[in-house]
Amino acid sequence: MAAEQLSTRCCVVGGGPCGIMLGFLLARAGIDVVVLEKHADFLRDFRGDTIHPSTLDVMAELGLLDDFLKLPHQKAPNIGAVFDGHQYPFADFRYLPTRCKFIALMPQWDFLNFLADRGKSYPSFHLRLRAEAVDLIEDGNRITGVRVDTPDGALEIRADLTVGCDGRHSTVRERAGFAFVIRKGAIEETKRAGLPAFRRSIARLAPVFASRVDELKDWDQIKLLTVAVNRLRRWYRPGLLCIGDAAHAMSPIGGVGVNLAVQDAVAAANLLWQPLKRGTLREDDLEAVQRRREFPTRVTQRLQVIVQNNVIDRALGAGQSLPAPWLLRLFSRFPPLRAIPAWLVGRGVRPEHVHTPEAPAGAG
Ligand SMILES: Cc1cc2nc3c(=O)[nH]c(=O)nc-3n(C[C@H](O)[C@H](O)[C@H](O)COP(=O)(O)OP(=O)(O)OC[C@H]3O[C@@H](n4cnc5c(N)ncnc54)[C@H](O)[C@@H]3O)c2cc1C
């Protein structure tokens, strides 16, 4: 059977924080956009559930903050770390010059459902669930769309621009043949050290589980959530751009991945909505997105790797409790210093602001 054909200005692959935000912003600016999500809904475990002050600022700029904060959430005005049974306050968001001086802890599916629902009020927003991009369509060196599997059969979407927002195992990135800069992963080392050592690490790092670690009798009981930190050298090709985790997988450290993905989406929409609308999109426009977002990504990943190597790896590898790092003790002793990590985690390097307009109803 011949594949169904569809064409749009922009095809966004992946309905995570990055893809839904980008789809929302472009549709709001009157640009026809199709967002593809391979799952049937947003209900999945193990997604970052932290909405940071800079993302809350974006929601405010969109006029959505008050409604958004009506969804059930918890406010975390500060974060800390536990070492040897002692709590060390680390970042205090009350020092930030942002509208909301807290992290909102909220299931990510609530965030995505909220944005997707609001997106549906724009006629140019088309969200296709259970639609998995399986390949790119190429014309010479140019990407002109994607091939998609759906329960109703194959679909081919032609687009001026395809944006890979399909996360850290991105199909778009792989099909485009992009190359990585950094890769990280240590499950094999952990396995070599043996299950008893793993159980001891858990008991030491999370004493609350100490009485239950003996229930771990087999590696099959342990679900591996791949934590990778990597970054593409080049985020774009003619007709194609990767952003969010598809361009730079973030580790859970600092809980900043969702935030960074949202910031990428805001920057991409700011820089691309006009060329998309005029139909004049060029490679330079895509390069501008990488130029804008690469620096914040590099800095954030660097900080994640420093924390991973100096705190987490040491704690996992140590046979006994470690003393708190000196920096944590310093933050704990001098509260105003907690503004620095709060700034890095809650606001981030080069926070983005919404410059895309809201098109008048009926425009597109
Ligand atoms: C264990 C773990 C815990 C984390 N915890 C946090 C945290 O607490 N806070 C935080 O801020 N960050 C956290 N992160 C990082 C964070 O999850 C990511 O940085 C963030 O989700 C990236 O958003 P994204 O939209 O780019 O990608 P994703 O959130 O990965 O979204 C990609 C979407 O694309 C869809 N998709 C994939 N392939 C296709 C395809 N071929 N076709 C169609 N759809 C497709 C997926 O189903 C998914 O919905 C964590 C990461 C890990 C590994």
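Attention here is on the structure that accompanies the text. (Residues numbered from 1 in each chain as written. Predicted model: local features only at pLDDT ≥ 70, side-chain atom pairs only at ≥ 80, totals over all residues. Heavy atoms only, no water.)

1. Section: the nonpolar core
No. 1: Ranked by internal contacts, the top residues of the largest apolar core, which has 76 residues, are Met-21, Leu-22, Leu-36, Leu-241 and Ile-243.
No. 2: If one sorts the elements of this core by residue count, helix H8 (residues 257–278) sits on top with 10 residues.
No. 3: Once residues within four sequence positions are removed from consideration, Met-21 is found in contact with Val-58, Met-59, Leu-62, Leu-115, Val-262, Ala-265 and Val-266.
No. 4: Formed by 10 residues, the second largest nonpolar core is a distinct cluster that contains Ala-76, Ala-91, Leu-96 and Met-250. (Core = buried A, V, L, I, M, F, W, Y, C linked by side-chain atoms within 4.5 Å. Buried < 20%, exposed > 50% of the residue type's maximum accessible area, 1.4 Å probe, protein only. Helix = DSSP H or I, 4+ residues; strand = E, 2+ residues; numbered from the N terminus. Contact = heavy atoms within 4.5 Å.)

2. Concerning the sheet that holds strand E3 (residues 50–51)
Hydrogen bonds between backbone atoms are what pair the strands of a sheet, whose relative direction is either parallel or antiparallel.
No. 1: The 3 strands are arranged E3-E7-E4 in an open sheet whose pairing can be described as antiparallel. If you trace the sheet from one side to the other, it starts and ends with E3 and strand E4 (74–76), each paired once.
No. 2: Bridge analysis of E3 against strand E7 (residues 103–105) gives 2 bridges, and the strand direction is antiparallel. Bridged to Ile-51 within E7 is Ala-104. (Pairing = 2+ DSSP bridges.)

3. Some thoughts on the packing of aromatic side chains
No. 1: Considering all chains together, one arrives at 4 aromatic pairs under this definition.
No. 2: Centroid distance Phe-24 to Tyr-122: 5.8 Å. Interplanar angle 75°. Geometry classified as edge-to-face. Of this pair, Phe-24 sits in helix H1 (residues 17–28) while Tyr-122 sits in the loop between helix H4 (108–119) and strand E8 (125–128), and the two are 98 residues apart along the sequence.
No. 3: The class of Phe-24 is buried, set by a relative accessible area of 2%.
No. 4: Judged by relative accessible area, which is 13%, Tyr-122 ranks as buried.
No. 5: Taking 5.6 Å as the distance between ring centres and 65° as the angle between the ring planes, the aromatic pair formed by Phe-68 and Phe-111 counts as edge-to-face. Taken as a pair, Phe-68 in helix H3 (residues 65–68) and Phe-111 in helix H4 lie far apart in primary sequence, 43 residues in all. The same class applies to Phe-68 and to Phe-111, which are both buried.
No. 6: Grouped by ring-pair contacts, the aromatic residues Phe-68, Phe-111 and Phe-114 constitute a single cluster.
No. 7: Positioned over the ring face of Phe-102 is Lys-75, at 5.1 Å from the centre of the ring. (Phe/Tyr/Trp six-rings, centres within 6.5 Å; stacked < 30°, edge-to-face > 60°. Lys NZ or Arg CZ within 6 Å of the ring centre and 35° of its normal.)

4. Re the side chain of Asp-264
No. 1: With respect to the helices and strands, the residue Asp-264 is situated in helix H8.
No. 2: Since its relative accessible area comes to 0%, Asp-264 is described here as buried.
No. 3: Side-chain polar atoms of Asp-264 contact the backbone nitrogen of Gly-244, separated by 2.9 Å.
No. 4: For Asp-264, the contacting residues outside a window of four places in its chain are Cys-18, Trp-235, Ile-243, Gly-244, His-248 and Arg-293. (Polar contact = N/O pair within 3.5 Å; in protein donor to acceptor, adjacent residues only side chain to side chain.)

5. Brief notes about H1
Each full turn of the α-helix corresponds to 3.6 residues, which orients residues three or four apart in the same direction.
No. 1: Across its 12 residues, H1 extends 16 Å between first and last C-alpha, which sits within 8% of the 16 Å expected from 1.5 Å per residue.
No. 2: Among the 12 residues in H1, 12 count as buried, and that is most of the element.
No. 3: Inspection of H1 places Pro-17, Cys-18, Gly-19, Ile-20, Met-21, Leu-22, Gly-23, Phe-24, Leu-25, Leu-26, Ala-27 and Arg-28 among the buried residues, and these make up the whole buried set.
No. 4: Where H1 ends, the next residue or the one after it, Gly-30, has phi of about 90°, a positive value. (Expected span 1.5 Å × (residues − 1).)

6. Let's talk about helix H11 (residues 339–347)
No. 1: Residues of H11 that are buried: Pro-341, Ala-342, Val-345 and Gly-346. For H11, the angular spread of the buried residues around the axis is 105°, confining them to a single face.
No. 2: On its buried face, H11 is in contact with helix H2 (53–61), strand E5 (78–83), strand E6 (86–92), E7, H8 and helix H10 (326–333). (Arc of directions from axis to C-beta.)

7. As for a nonpolar patch on the surface
No. 1: Side chains of Leu-303, Ile-306, Ile-340, Trp-343 and Leu-344 sit close together on the surface and give an oily, nonpolar patch of about 410 Å² of accessible area.
No. 2: Secondary-structure elements contributing two or more residues to the nonpolar patch are helix H9 (283–317) and H11.
No. 3: In terms of residues, the nonpolar patch owes the most to one element, H11, which gives 3 residues.
No. 4: Following the sequence through the fold, Leu-344 ends up in helix H11. (Patch = residues over 30% accessible without salt bridge, like charges linked within 9 Å, V, L, I, M, F, W, Y side chains within 5 Å. Areas by Shrake-Rupley, 256 points an atom, 1.4 Å probe, with all protein chains shown as cover. Salt bridge = Lys/Arg side-chain N within 4 Å of Asp/Glu carboxyl O.)

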